[in-house]
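# Examining the three-dimensional arrangement
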Amino acid sequence: MKISPSLMCADQMEMMRHIVSLIKLGVDQFHFDIMDGNFVGNLALNLNIIKKARELTRTPFDVHLMVQNPSTYFDQLIEYGADYIIFHLETKEDIQKNIDYLKSKNVHVGLALHLDTPVSAVEKYLNHIDRILFMNVQTGYSGLSFDPKVYEKINTLYSYIKKKNLNIEIMSDGGIKLEHVKPLYENGTDTIVAGTSMLFNANGFSNNLQSFKTIRAQLPIRKECDLPLYTPETLYKAAVLKEVNKFEVQQKPLRPLQDHEALIKVMSCGVCGSDLVRVYKKGMYSPNLVPGHEFSGTVVKTNDANGSLLDKRVAVFPLIPCKTCEHCKSQKQNLCENYNYLGSRTDGAFAQYVIAPKENLIFLPDTVSYDEAALIEPMAVALRGLK
């Protein structure tokens, strides 16, 4: 496992001195974060720092672009000596065009994924890139806490890469402490980006790097999972309301999808007032159901051959009309006599996954977060009340 010090976390007034010290201590590479204040709500290193640092060393430089238009930075980064240029999959630019351009300039290419971006989103680029960078925290900020849900994402991709015999390096960035090194490596991480939590703190570079090297010398054998990129577990965790005021977390089997349905990986779920009534007073319409009807997530599976819905960010309208009663036939589905309802009459989103009709999906713009999208259903109710 390699270590790449994140120079965004260094004392900016002592940057060059810190770089020299870290070179002498034998770091594997240096990590430069470039932010534009638009793609993420923060600003970071100036490109001239890369130019000045390159005068000091031939240690590899990886540059992480957290910017809206990464292609505008490419030529200058290449001129200043970047070895790896990593840009985000979530940008609006043509991903493949950017990869092809960098490859034509003999630069190693990486793609970065936000914490909430599904790993399946990167599959079609895997034959063309050299690195994947997983964010373990909200992109664009230092000093945040590591989110352990990234372990499963990393291992899913690592296992896929091994099965396909691809030569891709996995990087992990954000909130990494010494306690995370072993599980990160075990799940497939090749390089960690070391920031304030691990390197740039009061313990000093030498002590922190020695601690890292001690752990590195005792790393376990890596594990591989059998989880394909697009297929979630056949069992998933759900909070089942067994009876009033009694939840039980269960492993539930995923039933086969019908052609009109999609499988949603839940990313955010709200708690409605009606949920409180069902949990604490009335119970569900039938025993052993999963509550939760205000939610958002990502489409991870359909029966469609073209996969056009995969990776789409969605909110879900929970009402499922019968389509056969007179009200439905007259387009008054809200008055349906035989409706189904996610989270009250059938399993809802207090779970890892939910199956929903495709026609109930509301596609989200990139400017809407999963938490905001989970509020679409109650906001629609409020809007109708106002009207």
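A brief report on the enclosed structure follows. Counting restarts for each chain, with residues numbered from 1 along the sequence as it is written. Per-residue local features are limited, in this predicted model, to residues with pLDDT of at least 70; the limit for side-chain atom pairs, both in listing and counting, is 80 or more; totals at the level of whole chains, interfaces and linings are taken over all residues. As a convention, hydrogens and water are excluded, and side-chain values are obtained from all of the structure's heavy atoms.

## Overview of unusual backbone geometry
- A positive phi angle is found at N106, which is not glycine, with a value near 60 degrees.
- The secondary structure listing takes helices from DSSP runs of H or I that are at least 4 residues long and strands from runs of E that are at least 2 residues long, numbered from the N terminus. You can see N106 is positioned in the loop between α4 (95-104) and β5 (108-113).
- The buried label applies to any residue whose accessible area, calculated with a 1.4 Å probe on protein chains only, is under 20% of its type's maximum; exposed applies above 50%, and partly exposed to all values in between. The exposure class of N106 is exposed, given its relative accessible area of 75%.
- Residue Q331 is not a glycine yet carries a positive backbone phi of 65 degrees.
- Looking at the secondary structure, you find Q331 in the loop between α9 (326-329) and β15 (340-341).

## Comments concerning the pairing of strand β13 (residues 313-316)
- Judged from the 3 bridges that link them, strand β12 (residues 295-301) and β13 form a sheet pairing that is antiparallel. Pairing of S296 across the sheet is with A315, part of β13.
- Here 3 bridges tie β13 to strand β17 (residues 361-363), and the two strands are oriented antiparallel to one another. Across the sheet, V314 pairs through a bridge with F363, a residue of β17. Whether two strands pair comes down to DSSP finding at least two bridges between them.

## Quick word on the packing of helix α5 (residues 150-164) against helix α6 (residues 178-187)
- Packing of α5 against α6 brings their axes to within 8 Å, and their N-to-C directions diverge by 30 degrees. Overall, the two elements α5 and α6 adopt an arrangement that is roughly parallel. Contacts from Y151, I154, N155 and Y158 of α5 reach α6 at H180, P183, L184, E186 and N187.
- Think of it as three bins: nonpolar holds Ala, Val, Leu, Ile, Met, Phe, Trp, Tyr, Cys and Pro, charged holds Asp, Glu, Lys and Arg, and polar takes everything else, Gly as well. Residue composition of the contact of α5 with α6, by class: 5 nonpolar, 3 polar and 1 charged. Angles shown run from 0 to 180 degrees and are taken between the N-to-C directions of axes, each axis being a line fitted to C-alpha atoms and, for helices, limited to the stretch in contact. Roughly parallel refers to an angle under 35 degrees, roughly antiparallel to one over 145, roughly perpendicular to one between 65 and 115, and oblique to any angle outside these ranges. Working rule for contacts: check all heavy atoms of both residues, and any pair within 4.5 Å makes them a contact.

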